[in-house]
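Coordinate analysis (summary)
So the chains spell out like this:
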Amino acid sequence: MNNILKVDGLSKSYGDFSLKDVTFSLPEECITGFVGINGAGKTTTLRTLLGLTSRSFGNIQFFGLDMDRNEKQIKDRIGVVLDDGCFYDELTLAEMKSIISSAYTSWSEQDFKRYMDMFSLDPKQKINMLSKGMKMKYALALALSHNAELLIMDEPTSGLDPLIRNQLLKILTDYMANGGKGVFFSTHITSDLDKIADMLIMIDKGHIVFQEEKDALLDTYRIVKFGYEFVGAYVFGYICVYWYLPAGTV
């Protein structure tokens, strides 16, 4: 199975926080959940991967292509949903769409209208009148309307009611059914991971703690070992997964 994304030695420092030698890979045809407590480095990692903030060191490859040399080609093949939206608030949804759609070679107006209807979004409405959940749905409609091969999403279900969250998860499952694609999303809603994730990557204080297949992880991380300090826990269904680091490292 080919890697759709490969990250090697990614480092980034600002203020009192640093990403340190972040290394992982995403196989295609895999939904990967990116988890960690608030401030662990999830959003910084995603923004650095996308070139929205500069990195100090490290190599990033999408689809086997180096990000530094092929940024435009790579971004044409990626759908992005960020927690802050990155939209012009004074524009309508239709006006913002006209700006964004021009950047993609495979834009589908039919797909966009279908998702707008599905999410009950009015193209004449101004962005500054949208709730956080509505902005997230709008960003998702944009991300899914240009035949993207990889979706990168930062807390995509945050602010959505349970019905819309389930609808989103169904959309992601349908998206993956076409084959050869991938989803990489950060979240703190672990019930969503339990429903659809194939792979989990944990980050803590700028370090990757583990990358595991979800089912293997649930079988492995159940044993408490003395001499290790508690870092955190996530609940998947009825199983509580704890992770620890050697004493003195946290």
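Along each chain, residues carry numbers from 1 onward, in the same order as the chain's sequence is written. Only residues with pLDDT of at least 70 get local features here, since the model is predicted, and only at 80 or more are side-chain atom pairs given and counted; chain-wide, interface and lining totals rely on the full set of residues. Just so you know, side-chain values use all the structure's heavy atoms and leave hydrogens and water out.

The subject of this paragraph is the pattern of salt bridges. Each salt bridge in this description consists of a side-chain nitrogen of Lys or Arg and a carboxyl oxygen of Asp or Glu lying within 4 Å of one another. Under the counting rule described, the total for this entry stands at 8 salt bridges. The salt bridge partner of E71 is K75, with a shortest N-O separation of 2.7 Å. Taken together, the positions of E71 and K75, both in helix α2 (residues 71–75) and 4 residues apart, correspond to about one turn of that helix. Working definition: with a 1.4 Å probe on protein chains only, accessible area under 20% of the residue-type maximum means buried, over 50% means exposed, and in between means partly exposed. Judged by its relative accessible area of 35%, E71 falls in the partly exposed class. Among the salt bridges present, the one from K97 reaches E109, with a minimum N-O distance of 3.0 Å. Helix and strand assignments follow DSSP, with helices taken as H or I runs no shorter than four residues and strands as E runs no shorter than two, numbered in order from the N terminus.

What follows concerns the layout of surface pockets. Its volume calculated, the largest pocket comes out at about 560 Å³. Secondary structure elements with two or more residues in the lining of the largest pocket: α2, β6 (78–81) and α5 (132–143). Looking at the lining of the largest pocket residue by residue, the class counts come to 14 nonpolar, 2 polar and 3 charged. Roughly 230 Å³ of internal volume is contained in the second largest pocket. Listing elements by their share of the lining of the second largest pocket, those giving two or more residues are α4 (109–118) and α6 (162–176). At 4 residues, the largest contribution of residues to the lining of the second largest pocket is made by α4. In this classification, Asp, Glu, Lys and Arg are treated as charged, Ala, Val, Leu, Ile, Met, Phe, Trp, Tyr, Cys and Pro as nonpolar, and every other residue, Gly included, as polar. A per-class count over the lining of the second largest pocket returns 8 nonpolar, 2 polar and 4 charged. Put plainly, a pocket is an open set of points on a 1 Å grid over the protein atoms alone with protein on both sides within 12 Å along at least five of seven lines, a cavity is a set where a 1.4 Å probe fits but cannot get out, and a lining residue has an atom within 4 Å of a point. Grid points are joined across faces, edges and corners, and a volume is the space filled by probe spheres set on the points.

This part is about unusual backbone geometry. You will see that E29, though not glycine, has its phi angle at about 60°, which is positive. Take E29: it is sitting in the loop between β2 (17–27) and β3 (30–35). Within the chain, F63 stands out as a residue other than glycine whose phi angle is a positive 55°. On the secondary structure map, F63 appears in the loop between β4 (57–62) and β5 (65–66).

Here the focus is helix α1 (residues 42–49). The periodicity of an α-helix, 3.6 residues per turn, causes residues three or four positions apart to be oriented the same way. Across the 8 residues that make up α1, a large majority, 6, are buried. Buried within α1 are the following residues: K42, T44, T45, L46, T48 and L49. Just downstream of α1, G51 is the residue with a positive phi angle, here 75°.

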